[in-house]
Amino acid sequence: MVKMDGERQRGRWTVLVSGSPLGGDFVRWDGDDLNAGLSRVVAQLQERLPGLLD
């Protein structure tokens, strides 16, 4: 999920990934640079679940 809504300051984003491969856990990032956030979340997923994104 990528979220930007009126409740946040302009340019603030949330990237949230969840699902059964994470065993009920999730990866979340909040910030103002969406590209950096997506990169960080993908890197965290690769660390936690090697091979998932291959």
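Above this text is the structure in question.
What comes next concerns the included structure. (Residues numbered from 1 in each chain as written. Predicted model: local features only at pLDDT ≥ 70, side-chain atom pairs only at ≥ 80, totals over all residues. Heavy atoms only, no water.)

**Examining the overall build of the chain**
Here is step 1: Along the backbone of the chain there are one helix and three strands.
Here is step 2: When the helices and strands of the chain are listed from N to C terminus, the series reads β-β-β-α.
Here is step 3: Projecting the C-alpha coordinates of the chain onto the three principal axes gives extents of approximately 35 × 20 × 10 Å.
Here is step 4: Expressed as a percentage of its 54 residues, the buried residues of the chain come to 19%.
Here is step 5: Across the chain, every contact between residues at least 6 apart in sequence was considered, and the portion connecting residues at least 24 apart equals 12%.
Here is step 6: For the chain, the accessible surface area stands at approximately 4,000 Å², while carbon and sulfur atoms represent 47% of it. (Helix = DSSP H or I, 4+ residues; strand = E, 2+ residues; numbered from the N terminus. Buried < 20%, exposed > 50% of the residue type's maximum accessible area, 1.4 Å probe, protein only. Contact = heavy atoms within 4.5 Å. Areas by Shrake-Rupley, 256 points an atom, 1.4 Å probe, with all protein chains shown as cover.)

**Quick look at the nonpolar core**
Here is step 1: Counting seven residues, the largest nonpolar core consists of Val15, Leu22, Val27, Trp29, Val41, Leu45 and Leu49.
Here is step 2: Counting only elements with at least two residues in this core, the list comes to strand E3 (26-31) and helix H1 (34-48).
Here is step 3: Leave out the neighbours within four places in its chain, and Val41 touches Val15, Val17, Val27 and Trp29. (Core = buried A, V, L, I, M, F, W, Y, C linked by side-chain atoms within 4.5 Å.)

**Overview of the environment of Gln44**
Here is step 1: Looking at the element boundaries, Gln44 is found in helix H1.
Here is step 2: A relative accessible area of 28% places Gln44 in the partly exposed class.
Here is step 3: Distance from Gln44 to Ser20, taken between C-alpha atoms, is 16 Å for residues 24 residues apart in sequence.

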